[in-house]
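Descriptive structure summary
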Amino acid sequence: MVLQIKKFVDKYLLVVLIFLIAGMGIAITRTPPQYQLFYSMLAGAIIVILYSSFKTRKLRQEETRKRRSKK
């Protein structure tokens, strides 16, 4: 049996991450640069990435538990 790896990508989190990255670009290219806005969007992007990885890890753990219980 070949193990299939299912990638879990939450589309809503991906859209939010894209907007945060675009906002960081806009905040840093303004004259004068708005560092407070840049760093707040950077923190938001880091939080989205950490939440997504946490959610994916929980999903993988649940799948392995189901697979182990079937044996």
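Above this text you will find the structure in question.
These notes cover the structure that comes with them.

This part takes up unusual backbone geometry. Look at the link from threonine 31 to proline 32: it is a cis peptide, with omega at -10°. Tracing the sequence through the fold places proline 32 in the loop between α1 (11-29) and α2 (35-70).

Next up on the list: the packing of α1 against α2. At a minimum axis distance of 9 Å, the contact between α1 and α2 shows a crossing angle of 160°. By the angle between their axes, α1 is roughly antiparallel relative to α2. You can see that α1 and α2 cross each other, and the crossing is left-handed. Facing Leu13, Val16, Leu17, Leu20, Gly23, Met24, Ala27 and Ile28 of α1, the residues of α2 in contact are Tyr35, Leu37, Phe38, Met41, Leu42, Gly44, Ala45, Val48, Ile49, Tyr51 and Ser52.

Below, the discussion takes up the nonpolar core. Of all hydrophobic cores here, the largest spans nine residues; its members are Leu13, Leu17, Leu20, Met24, Ala27, Phe38, Met41, Ala45 and Val48. Mapped by element, the contributors of at least two residues to this core are α1 and α2. Residue contributions to this core peak at five residues, all from α1. Excluding anything up to four places from it in sequence, leucine 20 contacts Met41, Gly44, Ala45 and Val48.

As for its placement among the helices and strands, leucine 42 is situated in helix α2. A sequence separation of 21 residues divides leucine 42 from isoleucine 21, and the C-alpha atoms of the two residues are 7.6 Å apart.

Side chains that are three or four residues apart share a direction in an α-helix, a result of its 3.6 residues per turn. Look at α1: 27 Å from first C-alpha to last across 19 residues, which is about the 27 Å you get at 1.5 Å a residue. Buried within α1 are the following residues: Leu13, Leu17, Leu20, Gly23, Met24 and Ala27. In an axial view of α1, the angular spread of the buried residues amounts to 125°, which keeps them on one side of the axis. Along α1, exposed side chains directed more than 90 degrees from the buried face belong to Lys11, Ile18, Phe19, Ile26 and Thr29. Of the surrounding elements, those touching the buried residues of α1 are α2.

Taken together, the side chains of Arg57, Lys58, Arg65, Arg67 and Arg68 define a basic patch exposed on the protein surface. Locating arginine 57 in the fold gives a position in helix α2. By relative accessible area, which is 48% here, arginine 57 ends up partly exposed.

Cut-off values and rules
- Residues numbered from 1 in each chain as written.
- Predicted model: local features only at pLDDT ≥ 70, side-chain atom pairs only at ≥ 80, totals over all residues.
- Heavy atoms only, no water.
- Helix = DSSP H or I, 4+ residues; strand = E, 2+ residues; numbered from the N terminus.
- Axes fitted to C-alpha atoms, helices over the stretch in contact; angles between N-to-C directions.
- Parallel < 35°, antiparallel > 145°, perpendicular 65-115°, else oblique.
- Left-handed = near helix turned anticlockwise from the far one by under 90°.
- Contact = heavy atoms within 4.5 Å.
- Core = buried A, V, L, I, M, F, W, Y, C linked by side-chain atoms within 4.5 Å.
- Buried < 20%, exposed > 50% of the residue type's maximum accessible area, 1.4 Å probe, protein only.
- Expected span 1.5 Å × (residues − 1).
- Arc of directions from axis to C-beta.
- Patch = residues over 30% accessible without salt bridge, like charges linked within 9 Å, V, L, I, M, F, W, Y side chains within 5 Å.
- Areas by Shrake-Rupley, 256 points an atom, 1.4 Å probe, with all protein chains shown as cover.
- Salt bridge = Lys/Arg side-chain N within 4 Å of Asp/Glu carboxyl O.
- Lys, Arg positive; Asp, Glu negative; His and termini not counted.
- Charge placed at Lys NZ, Arg CZ, Asp CG, Glu CD.

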